[in-house]
Amino acid sequence: MYVKVLIQVRYEPLPPTIGRNIFGRQVCQLPGLFCYARHIAIIDGKRGLFTGLTPRLCSGVLGTVVHGKVLQHYQECDKVKDLGSGNVQKEVTPSFDQVIKETTREMMARSAATLITHPFHVITLRSMVQFIGRESKYCGLYDSIVTIYREEGLLGFFAGLIPRLLGDIISLWLCNSLAYLINTYALDSRVSTMSEMKSYSQAVTGFFVSMLTYPLVLVSNLMAVNNCGLAGGSPPNSPIYTSWIDCWCMLQKEGNMSRGNSLFFQKVPLWEDLLL
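Residues numbered from 1 in each chain as written. Predicted model: local features only at pLDDT ≥ 70, side-chain atom pairs only at ≥ 80, totals over all residues. Heavy atoms only, no water.

K.L.:
Explain unusual backbone geometry to me, using residue names and the numbers behind them.
P.N.:
Following Pro235, the chain continues into Pro236 via a peptide bond in cis, with omega recorded as 5°. In this fold, Pro236 is placed in the loop between helix 7 (194-225) and helix 8 (244-254). Phi is positive for Arg10, which is not a glycine, with a value near 70°. Tracing the backbone through its elements, the reader meets Arg10 in the loop between helix 1 (2-8) and strand 1 (17-20). (Helix = DSSP H or I, 4+ residues; strand = E, 2+ residues; numbered from the N terminus.)

Here it is as structure tokens:
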């Protein structure tokens, strides 16, 4: 994630090279994951590759707990309802109504987890981005919390939250809806490997949906570090965005909506290519 974030904020310390894309066409491209990782290790050592690990672990653990608690609450409500009505649960083929019900619950669980853990996500991103200007503003977890609260107030902990939530919600609904349609109308239920084929279909739909919603992830990360007092989130390294919509429009105008999506085949943006 470290290298990906630095690429997203347009940190390009290494010069582009002439290479070939997956179709064999010669293109001007930026160095990939391993070159960037080597560059970080040379400057900060191998330990520097784990920058932001502590807040990210806190985010992961807390998010898992919150997500599980929300789903557990829904399950307990279902048990009470079933006991009250005397219904016995039976295994049936999922209907679209059931898919909507389960997706809605999963959306609520993920949204709650994202809302609670987003402050840690912001700290993680800023501790990574300060590598660009060699700052030490966001070093410890406690110091980072105090710094953000003192300079930006409570809203600073939720910078970039809206596009992140939108990305999660859209991704979840598209994945579950497409998986249901494929499993119901495209796959033959009489096939013995039906369960395996369903898992494959979910993996494929998840891959394509993640590509579709990636711009929202990019915008969220950029807004989390925008104008926060770090060189990586301020001019000339990065413009000041008035809102996440302004950030989206500017990226779209530059043709950078997929910046950082690929860690191995990074094509130089058209406007940079012309300068070269």
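K.L.:
Account for the side chain of Arg164, naming residues and giving values.
P.N.:
Tracing the chain through its elements places Arg164 in helix 6 (residues 161-186). Within the buried set, Arg164 has no salt-bridge partner at all; the shortest N-O distance to an opposite charge, 4.7 Å, is to Asp168. Among the polar contacts listed, one links the side chain of Arg164 to the side chain of His118, at a separation of 3.0 Å. In this view, Arg164 contacts Thr114, Thr117, His118, His121 and Ser220; residues no more than four positions away in its chain are not counted. (Buried < 20%, exposed > 50% of the residue type's maximum accessible area, 1.4 Å probe, protein only. Lys, Arg positive; Asp, Glu negative; His and termini not counted. Salt bridge = Lys/Arg side-chain N within 4 Å of Asp/Glu carboxyl O. Polar contact = N/O pair within 3.5 Å; in protein donor to acceptor, adjacent residues only side chain to side chain. Contact = heavy atoms within 4.5 Å.)

K.L.:
Can you break down a nonpolar patch on the surface residue by residue, with the values?
P.N.:
Judged by side-chain polarity, Leu49, Phe50, Leu53 and Leu57 come together as a nonpolar surface patch covering roughly 390 Å² of accessible area. Looking at the secondary structure, you find Leu49 in the loop between helix 2 (33-44) and helix 3 (53-85). On the basis of relative accessible area, Leu49 is assigned to the partly exposed category, the value being 34%. (Patch = residues over 30% accessible without salt bridge, like charges linked within 9 Å, V, L, I, M, F, W, Y side chains within 5 Å. Areas by Shrake-Rupley, 256 points an atom, 1.4 Å probe, with all protein chains shown as cover.)

K.L.:
Hey, could you go over the packing of helix 4 (residues 96-129) against helix 5 (residues 141-152) for me, with residue numbers and the actual values?
P.N.:
Viewed as axis vectors pointing N to C, helix 4 and helix 5 meet at an angle of 100°, and their least axial separation amounts to 11 Å. Between helix 4 and helix 5, the angle is such that the two are roughly perpendicular. The residues of helix 5 that touch helix 4, namely those facing Phe120, Val122, Ile123 and Arg126, are Leu141, Ser144, Ile145, Ile148 and Glu152. For the contact of helix 4 with helix 5, the residue count by class is six nonpolar, one polar and two charged. (Axes fitted to C-alpha atoms, helices over the stretch in contact; angles between N-to-C directions. Parallel < 35°, antiparallel > 145°, perpendicular 65-115°, else oblique. Nonpolar A, V, L, I, M, F, W, Y, C, P; charged D, E, K, R; others polar.)

K.L.:
How would you explain the pattern of salt bridges if you had to name every residue and give the values?
P.N.:
In the structure shown here, the tally under the stated rule is seven salt bridges. Across the pair Glu152 and Arg126 runs a salt bridge whose closest N-O atoms are separated by 2.6 Å. You can see Glu152 sitting in helix 5 and its partner Arg126 sitting in helix 4, a full 26 residues away along the chain. Residue class for Arg126 comes out buried when judged on its relative accessible area of 0%. Between Lys137 and Glu151 there is a salt bridge, and its shortest N-O distance comes to 2.8 Å. Note that Lys137 is positioned in the loop between helix 4 and helix 5 and Glu151 in helix 5, a separation of 14 residues in sequence. With relative accessibility at 24%, the residue Lys137 sits in the partly exposed group. Sharing partners across several salt bridges, the network here consists of Asp78, Lys101 and Arg105.

Keep in mind that these numbers describe shape and distance, not what the molecule does.
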